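So you can see what is in the structure, the chains are spelled out below.
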Amino acid sequence: MSVELFLSAFALMLVFEGIGPLLFPNRWRSFILKLAEEKPNNIRQIGLVLVVIGGILLFLNN
């Protein structure tokens, strides 16, 4: 994997992550406040699911 590919993927992630706060700042803030009230284990499980889905998509893409 080249550095250019990694930087491109990182830049694309930043673009997607920035769309919510840019277009819907009030809804995004409300979502973050709700997320802060969740139990750490629930957040960890969500993170695990996202990592597994991302890994599967990367594996299937190659």
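Residues numbered from 1 in each chain as written. Predicted model: local features only at pLDDT ≥ 70, side-chain atom pairs only at ≥ 80, totals over all residues. Heavy atoms only, no water.

Engineer: Summarise the UniProt feature "transmembrane region" (unreviewed entry) in the protein chain; cite the residues concerned and give the values.
Structural biologist: Following the UniProt record, the feature "transmembrane region" (unreviewed entry) maps to residues 6–24 and 45–61 here. Each end of residues 6–24 is marked by a C-alpha atom, and these two atoms are 28 Å apart; helix forms 95% of the span and strand 0%. Here residues 45–61 is 100% helix and 0% strand, with 24 Å between the C-alpha atoms at its ends. (UniProt positions renumbered as here; feature names shortened; annotations may be inferred. Helix = DSSP H or I, 4+ residues; strand = E, 2+ residues; numbered from the N terminus.)

Engineer: Any details on helix α3 (residues 40–61)? Residues and values, ideally.
Structural biologist: Across its 22 residues, α3 extends 31 Å between first and last C-alpha, which sits within 8% of the 32 Å expected from 1.5 Å per residue. For α3, a buried count of 0 out of 22 residues is recorded, marking the element as mostly open to its surroundings. (Expected span 1.5 Å × (residues − 1). Buried < 20%, exposed > 50% of the residue type's maximum accessible area, 1.4 Å probe, protein only.)

Engineer: Now, about the environment of V3: what can you tell me, with residues and values included?
Structural biologist: Structurally, V3 is set in helix α1 (residues 3–23). We classify V3 as exposed; its relative accessible area is 56%. As a C-alpha pair, V3 and N61 span 58 residues in sequence and 19 Å in three-dimensional space.

Engineer: Before we move on, can you summarise helix α2 (residues 25–36) with the specific residues and values?
Structural biologist: Residues three or four positions apart in an α-helix share a direction because the helix packs 3.6 residues into each turn. Over its 12 residues, α2 runs 16 Å from end to end, which matches the ideal 16 Å to within 8%, given 1.5 Å per residue. With 0 of 12 residues buried, α2 is to be regarded as a mostly surface element.

Engineer: So what's going on with a nonpolar patch on the surface? Residues and values would help.
Structural biologist: Nonpolar side chains collect at one region of the surface, where L12, V15, F16, I19, L22, L23 and F24 lie side by side and expose about 730 Å² of accessible area between them. With respect to the secondary-structure elements, L23 resides in helix α1. In this structure L23 comes out as exposed when scored by relative accessible area, which is 53%. (Patch = residues over 30% accessible without salt bridge, like charges linked within 9 Å, V, L, I, M, F, W, Y side chains within 5 Å. Areas by Shrake-Rupley, 256 points an atom, 1.4 Å probe, with all protein chains shown as cover. Salt bridge = Lys/Arg side-chain N within 4 Å of Asp/Glu carboxyl O.)

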